[in-house]
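Overview (structure and organization)
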There are 2 protein chains.
Amino acid sequence: MKRLGFLAYTGVEELDLVGPWEMATMWNAYAGGPECLVVAQERGTVRCAKGLGIAADHDFSTCPSLDALVVPGGFAAFNEMRNENLVGFVRNNGGEGKNILSVCSGSFILLAAGLLENRRATSHWKVLGRLREAGVSVVEERFVRDGNVWSSGGVSAGVDLMLHFIAETAGAEVACAVQHNAEYYPSRTVYGSAHLGPDMPAYMKRI
Amino acid sequence: MKRLGFLAYTGVEELDLVGPWEMATMWNAYAGGPECLVVAQERGTVRCAKGLGIAADHDFSTCPSLDALVVPGGFAAFNEMRNENLVGFVRNNGGEGKNILSVCSGSFILLAAGLLENRRATSHWKVLGRLREAGVSVVEERFVRDGNVWSSGGVSAGVDLMLHFIAETAGAEVACAVQHNAEYYPSRTVYGSAHLGPDMPAYMKRI
């Protein structure tokens, strides 16, 4: 694995992108993992969902060949589903020998690109019903792999997905080094009981 | 609490900043939390430790009054300890009636600003010994509050610190809304046993 891309677009959710980015770049820094880059339809500052500006250093035409593409979500993903330029870029990066990873509602961009046909996938709990109605075989886990298509639940779940991706593609020892350097041993505190609501995915109810 | 600042500087670790940012901006979006902004010595794109560019929309002279300042870390924090301009900005935001939060080696910038005198604090596991040698009362937890000074372990620990900060200042119901919207119910998978090493903080050994 040589190069990993992170897709940015106006309104992308910050942690959807930067969570997996941190894990992947730790992989690069400490265990020979792939080079990582941010790509958007146009180069320059992309304004995220919560106001953070992130620099896209590559556009679709200048982006070098990728071994894997991370497609983050945010409410804006539902706009980007209709952006044929962006959807086409995702489609071109979802073929054989490539890995495509979605975080949160990024899965709907994969859907628009035709990459979820006959696939099991997941998304943010708010839109699991919508994903199911679109004909996708929804898996109520924090993340799921189906062949070369990897998807996760909302926002923070992309961190777990990337760590799993690293473990599956580079081995548990490498995942250990990444987890340790990022000090990713999260607190187990759960506030309130919103995660136990009737429409919540199965994995939350097992906490 | 009206306004929360996030300090950026060249070489800042990406997730140190964006992890707490996501939690705080979810607080803003869903539960009336403070406005959030990124501040640096100079406005414009700040290049982070792993190559991501982040926009600083305010500099020290134009930054509006803050109720709390988040000081992220990264190896570059040890350079910034000698940057009297930046250290002075942190000192001015660490006084009475304000909250100062450090992530990872950001605690060394608080140290340089004189904000850790007679305080309990923590940092990334790699530099806990160094913090102890500097005379700080090190607490081997994932995060710790001592009065208006809040500090966390490395990189990803800033997410837990910010969620705790929200719970303490706005209540558990608000923290529940933030955690739920960010779908922050992390996987409990731990790869390998690096976290059980002899110099690891006590909290890791309890996992």
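In what follows, the structure referred to is the one given above.
Residues numbered from 1 in each chain as written. Chains lettered and ligands numbered in written order. Predicted model: local features only at pLDDT ≥ 70, side-chain atom pairs only at ≥ 80, totals over all residues.

Right, let's talk about the overall build of chain A for a bit. The secondary structure content of chain A amounts to eight helices and eleven strands. Its C-alpha radius of gyration of 16 Å places chain A within 12% of the 17 Å reference for a compact globule of 207 residues. With the principal axes as the frame, chain A shows a C-alpha extent of 45 × 40 × 35 Å. In chain A, which comprises 207 residues, the proportion classed as buried is 56%. The contacts in chain A between residues at least 6 apart in sequence include a share of 64% that link residues at least 24 apart. (Helix = DSSP H or I, 4+ residues; strand = E, 2+ residues; numbered from the N terminus. Rg over C-alpha atoms; globule rule 2.2 N^0.38 Å. Buried ≥ 20, exposed ≤ 12 C-beta atoms within 10 Å, placed from the backbone. Contact = placed C-beta atoms within 7 Å.)

What follows concerns helix α1 (residues 14–31) of chain A. Residues and elements named next belong to chain A. Spanning 18 residues, α1 covers 25 Å between terminal C-alpha atoms, matching the ideal 26 Å at 1.5 Å per step. Most of α1 is tucked away: 14 of the 18 residues are buried. Positive backbone phi, approximately 65°, marks Gly32, located one or two places after α1. (Expected span 1.5 Å × (residues − 1).)

Here α1(A) crosses helix α1 (residues 14–31) of chain B at 150°, and the two axes come no closer than 9 Å. One element, α1(A), and the other, α1(B), form an angle in the roughly antiparallel class. The hand of the α1(A)/α1(B) crossing is left-handed. Counted together, A:Glu14, A:Leu15, A:Val18, A:Gly19, A:Trp21 and A:Glu22 of α1(A) and B:Glu14, B:Leu15, B:Val18, B:Gly19, B:Trp21 and B:Glu22 of α1(B) form the full contact between these two elements. Split by residue class, the contact of α1(A) with α1(B) holds six nonpolar, two polar and four charged. (Axes fitted to C-alpha atoms, helices over the stretch in contact; angles between N-to-C directions. Parallel < 35°, antiparallel > 145°, perpendicular 65-115°, else oblique. Left-handed = near helix turned anticlockwise from the far one by under 90°. Nonpolar A, V, L, I, M, F, W, Y, C, P; charged D, E, K, R; others polar.)

Residues and elements named next belong to chain A. Side chains of strand β7 (residues 99–102) alternate between two faces, with Asn99 and Leu101 and Ile100 and Ser102 buried alike. Looking at chain direction, strand β6 (residues 68–71) and β7 are connected through four bridges and run parallel. Counted as the bridge partner of Val71 is Ser102 from β7. Note that β7 and strand β11 (residues 149–152) share three bridges and pair parallel. If you follow Ser102 over to β11, its bridge partner there is Ser151. (Pairing = 2+ DSSP bridges.)

What follows concerns the nonpolar core. In this structure, A:Ala8 and B:Ala8 are the most contacted members of the largest nonpolar core, which totals 152 residues. Beyond its immediate chain neighbours, meaning those up to four positions away, B:Ala8 contacts B:Leu17, B:Val38, B:Ala40, B:Val46, B:Ile54 and B:Ala56. (Core = buried A, V, L, I, M, F, W, Y, C linked by C-beta atoms within 7 Å.)

Each strand in a sheet pairs with another by means of backbone hydrogen bonds, the pair being arranged parallel or else antiparallel. The mixed open sheet is built from seven strands, whose spatial order is β5-β2-β1-β6-β7-β11-β10 (chain B). In this open sheet, the two edge strands, each paired with only one partner strand, are β5 (58–59) and β10 (143–146) of chain B.

Our next topic: the environment of A:Gly153. Within the secondary structure, A:Gly153 sits in the loop between β11 and α6 (157–170). Put simply, A:Gly153 and A:Ser137 are 16 residues apart on the chain and 14 Å apart in space, counted from C-alpha to C-alpha. Sequence-distant contacts of A:Gly153, that is, excluding residues within four places in its chain, are made with A:Thr122, A:Ser123, A:His124, A:Trp125, A:Arg142, A:Phe143, A:Pro201 and B:Glu183.

Each of the two chain copies goes to the other by way of a rotation about an axis and a shift along it. Once turned by 180° and shifted 0.0 Å along the axis, chain B lies on chain A with an RMSD of 0.0 Å. Here the copies are linked by what is in effect a two-fold axis. Closest approach to the rotation axis among the C-alpha atoms of chain B is made by B:Ile54, whose C-alpha sits 2.4 Å away. Here 100% of the interface residues in chain B have copies in chain A that are interface residues too; the copies meet face to matching face. (Least-squares fit on C-alpha atoms with pLDDT ≥ 70 in both.)

Turning our eyes to something else, we now look at the interface of chain B and chain A. Tallying the contact residues gives 45 residues for chain B and 45 residues for chain A. For the side of chain B that touches chain A, the secondary structure elements donating two or more residues are α1, β4 (53–56), α6 (157–170) and α7 (172–181) of chain B. Looking at side-chain class alone, the side of chain B that touches chain A contains 24 nonpolar, 14 polar and seven charged residues.

Let us now look at the sheet that holds strand β10 (residues 143–146) of chain A. All names here are of chain A. Across the sheet, which stays open at both edges, the seven strands sit in the order β5-β2-β1-β6-β7-β11-β10 with mixed pairing between neighbours. Pairing within the sheet leaves two strands with one partner each, and these edge strands are β5 (58–59) and β10. The strands that α1 touches are β1 (3–7), β2 (35–40) and β6; relative to β2, the one it contacts most, it runs at about 150°. Those strands touched by α6 are β7, β10 and β11, and its axis lies near 150° from that of β11.

Right, let's talk about the packing of α1(B) against α6(B) for a bit. Residue and element names in this part refer to chain B. At a closest axis distance of 7 Å, the pairing of α1 and α6 adopts a crossing angle of 30°. Crossing geometry of α1 relative to α6 is assigned as right-handed. Here Asp16, Gly19, Pro20, Met23, Ala24, Trp27 and Ala31 of α1 come into contact with α6, specifically with Gly158, Val159, Leu161, Met162, Leu163, Ile166 and Ala170. Along the lines of polarity and charge, the residues of the contact of α1 with α6 split into eleven nonpolar, two polar and one charged.

Below, the discussion takes up α6(B). Two residues of an α-helix separated by three or four positions point the same way, owing to the 3.6 residues in each turn. Residue and element names in this part refer to chain B. Spanning 14 residues, α6 covers 20 Å between terminal C-alpha atoms, matching the ideal 20 Å at 1.5 Å per step. Counting buried positions along α6 yields ten of 14 residues, so the element is predominantly enclosed. Of all the positions in α6, only Ala157, Gly158, Val159, Asp160, Leu161, Met162, Leu163, His164, Phe165 and Ile166 are classed as buried. On its buried face, α6 sits against α1, β7 (99–102), β10, β11 (149–152) and α7. Gly171 sits one or two residues past α6 and shows a positive phi near 105°.

All names here are of chain A. Across four bridges, the pairing between strand β3 (residues 44–47) and strand β4 (residues 53–56) is antiparallel. When the sheet's bridge partners are listed, Gly44 is paired in β4 with Ala56. In this antiparallel pair of consecutive strands, β3 and β4, the connection spans five residues, and Gly51 shows a positive phi of 100°.

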